[in-house]
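One-letter residues, chain by chain:
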Amino acid sequence: MKKVSVVTINFNQDKVTEELLVSIAQTNTYQNLEVIVVDNGSTVNPIPLWTVKYPDVKFIRSELNLGFSGGNNIGIAQATGDYYFLVNNDTEFTPGLVQKLVDILDTHPQVGIISPKLVYDFDRSIIQYVGFTQVDYYTCRNRAVGKNEKDIGQYDNLLGQTGYCHGGAMMVKKETCEKAGLMADNFFIYYEEVDWGERINRSGYQAWVRGDAVIYHKESMTVGKNSAFKEYFMNRNRILFIRHNAPAFKALVFYFYFVLLVVPRNIVNYIKEKKYDFISILFRAIWWNITHSKHSTELGFTINKVS
């Protein structure tokens, strides 16, 4: 039986993280499992209390907030499993989840990473994800399969290749990480799992999704919806993803598309919504990409000043 290391990140969401730990304890029957929680520089360190409350869980404290990519990379570095199950702390497990994903990785050598179906927690009859299409390099857009559909079992038999796995829940082989590398730290949050998926695909592995494996997701619990923080990193990393992955001609087309269409459209929307401060945030996201190399780990943005 392969060992599975569940890795999740906490950042000022102690109650949410505890709900995940409870769901694992209540639903999981896979025996060879370790659970790792990385506290990503929370204002108050919850680990001393958690160590007493959850003695079977491995806790790691980072004094700095290293984002989704950096936090997961810390957890992977101390994981001892053959497979790493990276899950958002705002998820909850369902019975059989781990075993169903392990079964595919055990029996399909070409599969390097796999996601379950993600269902919204606020309404567990609505699907968030059962696969992604490939990113169009000309626009840096893709589509989530099944998103916002009513779940009537239409994907229960789905099993096979997808463009990318979902960062909310993805199980990856240790050997995949050794060959493709870990997530790029400089994404911090957003697009990092898609960038990682590109490298995994190029390394010769496939990304799969299994529709009868389910995890519930409390979307945007960590950063909130339509926050300045999210707006900055979504725009910054959209450009950074193209810089990392697109061929020169397609990248050039994207830059024209972004400047001539995306920027004016976003500014109009900001004005309509009276979010005038988002205009400067958009230009700061663009400026970071102009002034930093694509491999720079300097975020170029004071995270604590944005909420």
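The coordinates are above.
Residues numbered from 1 in each chain as written. Predicted model: local features only at pLDDT ≥ 70, side-chain atom pairs only at ≥ 80, totals over all residues. Heavy atoms only, no water.

**Student:** Honestly, the packing of helix α6 (residues 192-202) against helix α7 (residues 228-245) in this entry has me stumped. Any pointers?
**Tutor:** When two helices pack together, their arrangement is given by the angle between the helix axes and by the axis-to-axis distance. One way to put it is that α6 packs onto α7 with a least axis distance of 10 Å and a crossing angle of 15 degrees. It follows from the interaxial angle that α6 and α7 lie roughly parallel. The two elements α6 and α7 meet at a crossing, and its hand is right-handed. Taken together, the residues of α7 that come into contact with α6 (itself represented by Val194, Asp195, Glu198 and Arg202) are Phe241, His244 and Asn245. Residue composition of the contact of α6 with α7, grouped by class: two nonpolar, two polar and three charged. (Axes fitted to C-alpha atoms, helices over the stretch in contact; angles between N-to-C directions. Helix = DSSP H or I, 4+ residues; strand = E, 2+ residues; numbered from the N terminus. Parallel < 35°, antiparallel > 145°, perpendicular 65-115°, else oblique. Left-handed = near helix turned anticlockwise from the far one by under 90°. Contact = heavy atoms within 4.5 Å. Nonpolar A, V, L, I, M, F, W, Y, C, P; charged D, E, K, R; others polar.)

**Student:** Got a minute to help me understand the environment of Thr27 in this structure?
**Tutor:** Its location among the elements puts Thr27 in helix α1 (residues 14-27). Each C-alpha atom of the pair Thr27 and Val119 lies 16 Å from the other, and the pair is 92 residues apart in sequence. The residues touching Thr27, leaving out its near neighbours within four places in the chain, are Phe93, Thr94, Pro95 and Gly96. Within the structure, the side chain of Thr27 is placed 2.7 Å from the backbone oxygen of Ser23, a separation counted as a polar contact. (Polar contact = N/O pair within 3.5 Å; in protein donor to acceptor, adjacent residues only side chain to side chain.)

**Student:** When you look at a nonpolar patch on the surface in this model, what are you seeing that I'm missing?
**Tutor:** A contiguous nonpolar surface patch, about 600 Å² in accessible area, is contributed by Leu252, Tyr255, Phe256, Val259, Leu260 and Leu261. Relative to the assigned elements, Leu261 resides in helix α8 (residues 248-272). (Patch = residues over 30% accessible without salt bridge, like charges linked within 9 Å, V, L, I, M, F, W, Y side chains within 5 Å. Areas by Shrake-Rupley, 256 points an atom, 1.4 Å probe, with all protein chains shown as cover. Salt bridge = Lys/Arg side-chain N within 4 Å of Asp/Glu carboxyl O.)

**Student:** Quick question: what am I supposed to make of unusual backbone geometry here?
**Tutor:** Working note: non-glycine residues mostly have negative phi, and peptide bonds are mostly trans. One non-glycine residue, Cys140, adopts positive backbone phi at about 55 degrees. Among the secondary structure elements, Cys140 is positioned in the loop between β7 (127-129) and β8 (159-162). You can call Cys140 buried: its relative accessible area is 3%. (Buried < 20%, exposed > 50% of the residue type's maximum accessible area, 1.4 Å probe, protein only.)

**Student:** What's the story with the layout of surface pockets in this structure? I'm lost.
**Tutor:** Left-over empty space is what a probe sized like a water molecule reveals as it rolls over the atoms. Volume-wise, the second largest pocket comes out at about 270 Å³. Around the second largest pocket, the lining residues are Leu21, Ile24, Ala25, Asn28, Leu33, Glu34, Val35, Lys53, Tyr54, Pro55, Asp56 and Val57. Those elements that provide at least two residues to the lining of the second largest pocket are α1 and β2 (33-40). Class assignment for the residues of the lining of the second largest pocket results in eight nonpolar, one polar and three charged. (1 Å grid on protein atoms, 1.4 Å probe; cavity = no way out; pocket = protein on both sides within 12 Å on 5 of 7 lines; lining within 4 Å. Points joined across faces, edges and corners; volume = space filled by probe spheres on them.)

**Student:** When you look at the pattern of salt bridges in this model, what are you seeing that I'm missing?
**Tutor:** Oppositely charged side chains may form a pair once their charged atoms are brought near each other. For the structure on display, the rule yields 17 salt bridges. The partner of Lys58 in a salt bridge is Glu34, and the shortest N-O contact between them spans 3.7 Å. Taken together, the residues Lys58 in strand β3 (residues 58-62) and Glu34 in strand β2 connect sequence positions 24 residues apart. Glu63 is the partner of Arg61 in a salt bridge, and the nearest nitrogen-oxygen pair spans 3.3 Å. Look at Arg61 and you get partly exposed, because its relative accessible area is 25%. Looking at Glu63, the relative accessible area reads 59%, which means it is exposed. Connected through salt bridges with shared partners, the residues Lys15, Glu19, Glu92, Asp121, Arg124 and Lys218 form a single ionic network.

Just geometry here; none of it tells us what the structure is for.
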